[in-house]
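Here are the chains, one letter per residue:
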Amino acid sequence: MSSPQVTSAATTAGSSGDDVPPRRRGRTSRPDASHARSYGPGFIAKLVLMAVVDALGVYVVWSAWTQDSYGILAVSLALLVAANWVYFTRRALALKYILPGLGFLLVFQIFVVAYTGYVAFTNYGTGHNGTKDQAVEALLVQNERRVEGSPSLPLTVVEDGGTLGFAVVGEDGAVTAGTAEQPLSAQDDATVQDGRATEVPGYAVVDREQILERQDEVTDLRVPVSDDPEDGSIRTTDARTGYVYTSVLEYDAASDTITDTSTGVTYTPNDDGQFEAADGSTLAVGWRVPVGFDNFVTAFSDGRYAQPFLKILVWTFVFAIGSVVTTFLLGLFLAIVFNDTRLRGRRVYRTLMILPYAVPGFLAALLWSGLLNTRFGYVNQVLLGGAEIPWLTDPFLAKLSVLAVNLWLGFPYMFLICTGALQSLPSDVMEAARIDGAGRWRTWRSITLPLLLVATAPLLISSFAFNFNNFTLIYMLTGGGPRFADASVPLGHTDILISMVYSISGVDGSATKDFGLASALSIVIFVIVGGISALAFRSTRKFEEIN
Amino acid sequence: MAIPTPATTAAAAGSSAPSSRTLTDHRRMRPRRWFTELGWRHVVGVVAVVYAAFPLVYVLSASLSENGTLTGSNTLFADVSGANYAELGTTMFWTWMANTLVIAVATSVGTVLMGAAAAYAFSRFRFAGRRIGLTALLIVQMFPQMLAFVAIFLLLLGLGNVVPVLGLNSKIALIAVYLGGALGVNTFLMYGFFNTVPRELDEAAKIDGATHSQVYWTIILRLVAPILAVVALLSFIATFGEFIIARIVLTSESNWTLAVGLYGWVSSLREANWGLFTAGAVISALPVLALFLYLQKYIVGGLTAGSVKG
């Protein structure tokens, strides 16, 4: 056996030793027998797959390079190299099987969780969206004003593959055209009629009707005059005449300050990621800076958030524990009732009873939100004869309704696992108990129940963790409402932590975005859920399975 | 319930003599005893079935009602018409349905492929980092991916600048995100099952000259088919109903999934859209319901596999 062939994977395999050594011996003596060397269909398939992966990978790396996204560049390059190494080496046998899943896991789970941790310590959100350079650029653009006394330029709205642009006729009669991304450039071949460009090669002239349709886009469009932002840009308000706009703000890179040329006020950067004047006023656009534990402090002690946060935290626990307990008790009760082989039609009962489990959760929650509607819902109108009970709008009743709906959704699952556990109880222990003279109640309490709990405990923990984050149910059933009367933030009595995070993050575009605070709250949930499951799994010795 | 055990053993043994005895027992039972032993179970069963099924009956009735409002749906089966179903054709419903099926099928196929491969490696190879890898997976499992939705949003925002197809409002990006959560959730379930397949089988194949990939594709995967079915189904159902990430990632209406689209119907103008929603709900629940009932046996086995075997 040649030593270079002994890989780290193979070395460890040798110790427990059963599958790899014979193969490696085969390889050394007959190299052509190796999978990688036999040009069978498997090898061709691998080559084709790797070619596709490489092509995509190179494309991603190249676009990352052109976009100056060096983080993405590094990660995609690393993944690409790893993939090629793993699949074209004879080493790393196990990695050949793990890598695809591992890649996705690293990027879309481990990275995002770590990134949540990072964002939690920044002020990322509305007004603090990007880097300082981006903030400066945005400030300059946003504060553009028409240059006093600048000439009005005849303007034509043009389009380049869906991207709007302007073609303007300068004072000297020369036509220039460009888009938001591309500064104005001379268009010598353009046709000019009545002092206005009517045809520009490379662009399509947009007709009047379309301009009306895309009015907002046209008035928002700014076409830079040149590569230098100081030169300003062309804008229009009527799609017929354009003016040169330049920013009233001026950024001085040397002193790192912004000066408002119209008022003369100088703004200097502060620790919160904003430009601040001497009188304390700040410019609207800031940038992302680390803020330490500020977000956590806000969550626990800020007047606006602390009270709702505590209420929501308590309710989240009540909801998660209550859900597990109620569904488990009902499921267990039904499992015991139907665990009698003499009962006819057991399968029919079982099939009909587990129907709620087979209905997607979001449909069930939406359906119940209609059934429980105060004025028109089936429950009030028909079952309660026209009563107007505010099932989803009264703070207490809404909580009760959430638990009740979750009971409907969740009991079939518990019924199934309890039935499974009951049926797999060892019959010899039961028999021994009977021979020892234990009564039915005694057997149940001392043997059945403990064994059942041991068997179902891991699933109960998973169920707790699931309900702790049961966003769909809460959001679809009550939307977190009814709102807290005293809070200025959009939170309500049935909000659980995850729906609170959702509201605060503003990712759905309905509120101001506060990614920092939202991530900090996510971290709190991670700690709670992770801590509880770790404790619980440790006590159920799940870790031992690894051996 | 004085003699529950003979009956149980009789049914289990399935021999003819004892089972005929139970039958005669049954016939001889006096009504009162029958009720205290079995009858009350039927009562409980009927109540439970009504509780479980009445919302479903209601949704079916509402979807068939001609009047598409919430109030108009309160008399069960007052009228039966396909108006609501026909009207679905004028909405984006079928686009959403197609989106949802594409996303859910792609996710569940990817999940099974990647999860099974990883489980095979962990179960059959002994390599450096195996123990750490398994422990890490167990820990990752405790941090649901969904909780990091803010970071997922920001990640896709950044990725979209580089590769638009992996950015926001792309179904492929959503599938990639779902696949990211696949390994953590399912590997353990599969790993346990893979361990129950005797290693002598792959060793025999290897002695006969099979490569590791031949063993995997032609021997192991066939033997673990039940767990593959379970994982595929659970992943399909989970993806089918996933809301929060789909809501964030898919911004334009033509890319929505059913969960996002139907939520929109109910949350806006709840009254007027009720008929449409119920018809959509019936149709979208059908594939899951059918799969579920068809594979019921496997699911029950799969659910308890993780726990009972310990």
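Rules behind the numbers
Residues numbered from 1 in each chain as written. Chains lettered and ligands numbered in written order. Predicted model: local features only at pLDDT ≥ 70, side-chain atom pairs only at ≥ 80, totals over all residues. Core = buried A, V, L, I, M, F, W, Y, C linked by C-beta atoms within 7 Å. Buried ≥ 20, exposed ≤ 12 C-beta atoms within 10 Å, placed from the backbone. Helix = DSSP H or I, 4+ residues; strand = E, 2+ residues; numbered from the N terminus. Contact = placed C-beta atoms within 7 Å. Axes fitted to C-alpha atoms, helices over the stretch in contact; angles between N-to-C directions. Parallel < 35°, antiparallel > 145°, perpendicular 65-115°, else oblique. Left-handed = near helix turned anticlockwise from the far one by under 90°. Nonpolar A, V, L, I, M, F, W, Y, C, P; charged D, E, K, R; others polar. UniProt positions renumbered as here; feature names shortened; annotations may be inferred. Pairing = 2+ DSSP bridges. Expected span 1.5 Å × (residues − 1). Bend = angle between axes of the 7 residues up to and from the residue.

Moving on: the nonpolar core. Ranked by size, the top nonpolar core spans 174 residues in total, and within it Leu366(A), Leu521(A), Phe149(B), Val150(B), Ile152(B) and Leu174(B) carry the most contacts. For this core, the element with the most residues is helix H5 (residues 93-119) of chain A, which contributes 14 residues. Non-local contacts of Ile152(B), meaning those with residues more than four positions away in its chain, are made with Val112(A), Val177(B) and Ile245(B). Listed in part, the 20 residues of the second largest apolar core include Leu155(A), Val175(A), Ala197(A) and Val225(A).

This part covers the packing of helix H5 (residues 93-124) of chain B against helix H9 (residues 182-195) of chain B. All names here are of chain B. Contact geometry for H5 and H9: axes closest at 8 Å, N-to-C directions at 50°. When the axis of H5 is compared with that of H9, the two are oblique. In terms of crossing hand, the pair formed by H5 and H9 is right-handed. Only Ala-182, Leu-183, Asn-186, Thr-187, Met-190, Tyr-191, Phe-194 and Asn-195 of H9 make contact with H5, whose side of the interface consists of Gly-110, Thr-111, Met-114, Gly-115, Ala-116, Ala-118, Ala-119, Tyr-120, Phe-122 and Ser-123. Among the residues making up the contact of H5 with H9, the classes are represented as eleven nonpolar, seven polar and no charged.

Time to look at the UniProt feature "transmembrane region" (unreviewed entry) in chain A. Residue and element names in this part refer to chain A. Mapped onto this numbering, the UniProt entry gives "transmembrane region" (unreviewed entry) at residues 43-64, 70-88, 97-121, 312-336, 348-368, 400-422, 443-466 and 515-537. A distance of 36 Å separates the end C-alpha atoms of residues 97-121, which is 92% helix and 0% strand. Within the segment residues 312-336, helix and strand shares are 100% and 0% respectively, and the terminal C-alpha atoms sit 35 Å apart.

Attention shifts here to the sheet that holds strand S15 (residues 275-277) of chain A. Residues and elements named next belong to chain A. Across the sheet, four strands lie side by side as S12-S13-S14-S15; this open sheet has antiparallel pairing. Looking at the sheet topology across the chains shown, the edges are occupied by strand S12 (249-252) and S15. Pairwise comparison of adjacent strand axes, ignoring direction, gives a mean angle of 30° for this sheet. With four bridges joining them, S12 and strand S13 (residues 257-260) adopt antiparallel strand pairing. Of the residues in S13, the one forming a bridge with Glu-250 is Thr-259.

This next bit is on H9(B). All names here are of chain B. Here H9 is 14 residues long and its end C-alpha atoms lie 20 Å apart, about the 20 Å a rise of 1.5 Å per residue gives. Bending of H9 peaks at approximately 30° at the position of Phe-188. Within H9 the residues assigned to the buried category are Ala-182, Leu-183, Gly-184, Val-185, Asn-186, Thr-187, Phe-188, Met-190, Tyr-191, Phe-193 and Phe-194.

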